[in-house]
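Topology and contacts: notes
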Amino acid sequence: MTKRPIFASLLLLSSALVAPAALAQDASAEPAADTPPAADEATDDDAAAPEEEADISIPGGADTEIVVTGRYTPNIVRATPEVVSSLSSADIARTGEGDISGSLQRVTGLSVVGGGFVYVRGLGDRYSLALLNGSPLPSPEPLKRVVPLDIFPTNVIDSTLVQKSFSVNFPGEFGGGVINLTTKATPRETFLTFSGGIGWDSETTNELGYTYYGSDSDWTGFDDGTRDVPPLLRAALKSGKPILEGADFSQNDLEAIEMELVNAETTLLQQNNHIPVNWSAGITGGTTIQLPDGELGIIATAGISNKWRTRDTLQQTSVNADLSGDPQTSYNRVITDNRVVVNGLLGFGLELGDHKIRWTNLYIRDTLKQARLALGTDANQSDRDIMKQDTAWYERQLINTQLVGEFKFDRLKLDLRGAYANSQREAPYERGFTYVRTNQPGDPVGDKFVNDLGGNRGDATIAFSDLNEDLWSGGVDLSYELAPRITATVGYAYTDTHRISERRTFQFRASNLPIAVQQLRPDYLLSDATIQLYDISLLETSAQDGTAAFDANLTTHAGYAQVQAELVAGVNVNAGVRYEEAKQTVVPIDLFGTGSSAIVETNLDNDYWLPAVTLTWEVAPDMQLRVNGSKTIARPQFRELVAQVYQDPESNRLFRGNPSLTDSELWNAEARYEWYFDKDQRLTVAGFYKSIDNPIETYTSISDSSVNSSYANAPKATLYGAELEVQKYLPLDTLSDSPFWQSRRLVLIGNYTYTKSEIKVGDSDTTVINGVVQNAANFFFDGAPLTGQSDHLVNFQIGLEDQDKLSQQTLLFTYASPRVTSRGPSGQPDLKEKPGIQLDFVARQGVNLLNKEIELKFEARNLTGRNYQEVQTSGDNKVYFNRYKLGRTFSLSASLKF
């Protein structure tokens, strides 16, 4: 198959709920017909719930009684007093996804947008809160304060709970919902499991792509020191002076800095006609040590995955309001990503009677090695073709340690938690080169690509960026059973988040380079000889208004009180109020001591009373109705508050913050009907409504043919919708007397979410952009949907599974209707992503070989071969901001348990 011909010739849940009273509902409400779960499957949503000891008395005669002690795990979806959805370990395994964000997109009302960010009921990731075992997480993303969930491999996550109705034990930043990830708990028996797998991508594996050498250890996700900042440049960066020729740096100084930079290893783009296969490996083990008064459990896991992805993209922009005529810019760009994720988990669990202490340590490193090659045109340079090549290395790292204690004293329960987390992002040696070809008769370069380093024909750039974020958190919850079925809880929570981010950018400049030198490939163009012979200089282009670096901090203190009680038989209430105060500062760092008035600090100091109430009415023994009302907030994210330019490698888009953003306030209401018609089977129907004051939205502008995205507060927005979920099992033993069918059942799981949102913009409404009050209608259309919101989300799973042993075959169908990714620039139509339909197949089979348990798994993803499209449409005119084939993927893996 011939591909990319234009480029072939180019060189170049125990703690999860936090609320102690979350499971206080009487477990006797469970159906009496409950039976033990199928092999490899716990009861519905049970993995997110704490286990409880149960003594079952069985009459054994007139004078005897047999007491059987076991572990009963309640159905958390039903037992919790709030509106929740959950993924048990069995649910996660059935989807076969490699990271938790892929599994979450199967949950009712959830969608995953761009790089693992989860949208709940159409509200963007800013309105969702991610917790790990009940504690907050820092983000390694410069554009986000929320952590991307695609960095969490499923091998370290035991269960996931999504709570959609606000309760006051959770942080106030709860617009769409909270996603609580529960790491694997300590085991009941000693085990050791080895796993490994390989994968194939139809658009990538064994096909043409681009890469660069980097270092010997790149395949591990760790650089061997090749990309460390050289000593001369490090000293210059700390000098407090912009790096350019003048009083502080001579031409000789600059040349010395340039020659110390690693050249060919980070510069030379290489064509690879046979991109390697994807692979992964892991090991997990655990044991339990019996103690005189309890037990100590230990679990450890480590894993690595190495995946390749090539995207053959079309990227266009237009400056016309109706998108008419030829695009302003149009590039065919091939992007090859090599993503390596390394993870490790070490957990300890101590149980002493009714008291539990859990210490969890998590390490995740997510590295992206990226190579890009583009050929296209720019209307501002209509007489020439333009070729761009880029190489980059992005390191994201998360370290988390947390200690959780649960202590029970008769009717009193005390929960304590404390955590420290650190996230980092480093992007050294982001290199970019632009070559041009004029194709004009009489031009001395003719049909050859040249780069004159900063004149009228091409350029060369390099950037170094670094982000570090520390998050300390702690909390205490105290519950007391005032009377049977009445529990009061008070609590306090504290978080302190501190982030420092810096990005330094440079251009290589030269004058009067000979044509023969301009035609050199990038590593020769910037070789030591060329730098010295032609006096190539280095010019720092980092913003000198203080926005090349910033220091941000968010400190919150919160106290809450709530009561959970049965008002009358079958009617329960969970009501409370939360007081939360927060001080958020974002201070641009004046790297060069300019004292510029353009350096604008952001100081947000707000406090809120946030009430919440949920009523649950048990209509019948297997039916209940929930009604919830609450007030919540959403704060601007750090990066959105500073006017620093940043390029997102996923979307290839430039972003700049707005220091004038303010908090958003949300009023929420919803109702849900639940029918648990059989074991592990249910039907739920829900409706929801949200009114949002000052929602933060992304808008887009075009400057000098570059597309820039920024943020602004829209005046108001509303969002409403409905959800339907069904889970049903059908036994197949009636089909045949064959042993094959006797233990098998048909699994039917489906959900549908309808969401509608509208931005409200009046004639007199305003918004503030970088301190300037402007007409909101210049940035938002009245009636436009919120960014990231799809009107329709559909998930459907149909499969066969054996109830006695591990054997599952599942088809997974997902559909998301078009959604806005950014407001259109200069009155243009909005940019819309078209996710479309995806069909996956996952098969899991257990095999016993030589008395060892082996699990085999086969995955086939995107069987329909859907494409990714981010497009603007005006009548018959279309501009593709980003379009590429996603490719079909196939993988085979195995795990061996000792």
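Residues numbered from 1 in each chain as written. Predicted model: local features only at pLDDT ≥ 70, side-chain atom pairs only at ≥ 80, totals over all residues. Heavy atoms only, no water.

**Observations concerning the overall build of the protein chain**
Across its full length, the protein chain carries 11 helices and 44 strands. Accessible surface, the protein chain: about 34,900 Å² in total, of which carbon and sulfur atoms supply 56%. (Helix = DSSP H or I, 4+ residues; strand = E, 2+ residues; numbered from the N terminus. Areas by Shrake-Rupley, 256 points an atom, 1.4 Å probe, with all protein chains shown as cover.)

**Points about the packing of aromatic side chains**
In this structure the tally under the stated criterion is 14 aromatic pairs. Here Y420 and W472 contribute two aromatic rings whose centre-to-centre distance is 4.4 Å and whose plane-to-plane angle is 45°, an arrangement assigned as tilted. With Y420 in strand β18 (residues 412-437) and W472 in strand β19 (residues 459-483), the pair connects residues that are 52 residues apart, well separated along the chain. Ring geometry for F841 versus F858: centroids 6.4 Å apart, planes at 55°, classification tilted. Taken together, the residues F841 in strand β40 (residues 836-849) and F858 in strand β41 (residues 852-861) connect sequence positions 17 residues apart. According to the relative accessible area criterion, F841 is partly exposed, its value standing at 25%. Residue F858 is classed as partly exposed on the basis of its relative accessible area, which comes to 32%. Through a chain of ring-to-ring contacts, three or more aromatic side chains come together here, namely F166, F170 and F174. Just above the ring of Y212 sits the side chain of K369; from NZ or CZ to the centre is 4.9 Å. (Phe/Tyr/Trp six-rings, centres within 6.5 Å; stacked < 30°, edge-to-face > 60°. Buried < 20%, exposed > 50% of the residue type's maximum accessible area, 1.4 Å probe, protein only. Lys NZ or Arg CZ within 6 Å of the ring centre and 35° of its normal.)

**Regarding the sheet that holds strand β7 (residues 135-136)**
Pairing is mixed across the open sheet formed by five strands, whose spatial order is β3-β8-β9-β6-β7. Strands at the two margins of the open sheet, each flanked by one partner only, are β3 (84-87) and β7. (Pairing = 2+ DSSP bridges.)

**Focus: the pairing of strand β32 (residues 716-731)**
Where strand β29 (residues 681-693) lies against β32, 12 bridges are found, and the strand directions are antiparallel. Each residue of the ladder has a partner; that of A686, found in β32, is E723. As judged from the 16 bridges shared by β32 and strand β33 (residues 744-760), these two strands associate in the antiparallel manner. If you follow Q727 over to β33, its bridge partner there is I749.

**Some thoughts on the environment of Y689**
Tracing the chain through its elements places Y689 in strand β29. Taking relative accessible area as the criterion, Y689 reaches 40% and is therefore assigned partly exposed. Taking C-alpha positions, Y689 is 9.7 Å from G629, a pair spaced 60 residues apart along the chain. Discounting residues that sit within four places of it in the chain, Y689 has contacts with W667, N668, A669, T718, L719 and Y720. (Contact = heavy atoms within 4.5 Å.)

**A look at a nonpolar patch on the surface**
A grouping of I198, W200, V277, F796, I798, L811, F858, L863, F890 and L892 is seen on the molecular surface, where their side chains present a nonpolar patch of about 840 Å² in accessible area. Listed by contribution, the elements that provide at least two residues to the nonpolar patch are β10 (191-201), β36 (792-802) and β44 (889-897). Note on placement: F796 falls in strand β36. Exposure remark for F796: the relative accessible area of 36% places this residue in the partly exposed category. (Patch = residues over 30% accessible without salt bridge, like charges linked within 9 Å, V, L, I, M, F, W, Y side chains within 5 Å. Salt bridge = Lys/Arg side-chain N within 4 Å of Asp/Glu carboxyl O.)

**Observations concerning the environment of A643**
Take A643: it is sitting in the loop between β25 (623-634) and β26 (646-648). Judged by relative accessible area, which is 16%, A643 ranks as buried. With 43 residues separating them in the primary sequence, A643 and V600 have C-alpha atoms 8.8 Å apart.

**Details of a negative patch on the surface**
On the surface, D216, D224, D228, E426 and D466 cluster together into a negatively charged patch. Mapped onto the fold, D216 is located in the loop between β11 (209-211) and α5 (231-237). (Lys, Arg positive; Asp, Glu negative; His and termini not counted. Charge placed at Lys NZ, Arg CZ, Asp CG, Glu CD.)

**A word on the nonpolar core**
Most often, soluble globular proteins have nonpolar side chains that are buried together. Among the nonpolar cores identified, the biggest contains 37 residues, and L233, I243, L453, F506 and F508 are the most heavily contacted of them. Not counting residues within four places of it along the chain, the set of residues in contact with L453 comprises G458, D459, A460, F508, R509, A510, L513, L525, L526 and I536. By size, the runner-up hydrophobic cluster in this structure holds 24 residues, among which are L87, V120, L149 and I179. (Core = buried A, V, L, I, M, F, W, Y, C linked by side-chain atoms within 4.5 Å.)

**Considering the pattern of salt bridges**
Enumeration according to the criterion identifies 35 salt bridges in this entry. The closest approach of N and O atoms between D390 and R372, which form a salt bridge, is 3.7 Å. With a gap of 18 residues between them, D390 in strand β17 (residues 385-409) and R372 in strand β16 (residues 355-378) connect regions that are remote in the sequence. The residues D390 and R372 share a single accessibility class, namely buried. Close ionic contact of R626 with E674 constitutes a salt bridge, the shortest N to O distance being 2.7 Å. Of this pair, R626 sits in strand β25 while E674 is found in strand β28 (residues 664-678), placing the two residues 48 residues apart along the sequence. Under the relative-accessibility criterion, E674 is labelled buried at 0%. In the salt-bridge network here, residues are joined through shared partners; they are E173, R578, E580 and R635.

**Description of the environment of S135**
Note on placement: S135 falls in strand β7. Using a relative accessible area of 2% as the deciding quantity, one classes S135 as buried. A sequence separation of 339 residues divides S135 from G474, and the C-alpha atoms of the two residues are 7.8 Å apart. Non-local contacts of S135, meaning those with residues more than four positions away in its chain, are made with Q402, A419 and S473.

**Looking at helix α6 (residues 251-260)**
Q251, L254, E255, I257 and E258 are the residues of α6 that are buried. All buried residues of α6 project into a common sector of 160° when viewed along the axis, lining one side. On its buried side, α6 packs onto α5, β20 (486-509), α10 (528-533) and β21 (537-540). (Arc of directions from axis to C-beta.)

**Quick word on the side chain of D830**
As for its placement among the helices and strands, D830 is situated in the loop between β38 (819-822) and β39 (831-833). Classification of D830 as buried rests on a relative accessible area of 12%. Residue contacts for D830: discarding those within four places in its chain leaves F781, A784, V820, S822, R823, G824, V871 and Q872.

**Quick look at unusual backbone geometry**
Phi is positive for Y429, which is not a glycine, with a value near 55°. Residue position: Y429 is located in strand β18. Taking relative accessible area as the criterion, Y429 reaches 1% and is therefore assigned buried. Not every positive phi belongs to a glycine, and R485 is a case in point at roughly 70°. Among the structural elements, R485 can be located in the loop between β19 and β20.

**Side note on the pairing of strand β24 (residues 602-620)**
In the sheet, strand β23 (residues 571-588) pairs with β24 via 16 bridges, with the strands oriented antiparallel. By the bridge assignment for β24, E581 is matched with D607. Relative to β25, β24 runs antiparallel, the two being bridged by seven bridges. The residue of β25 that forms the bridge with W617 is L625. Between the end of β24 and the start of β25, which pair antiparallel, lie two residues.

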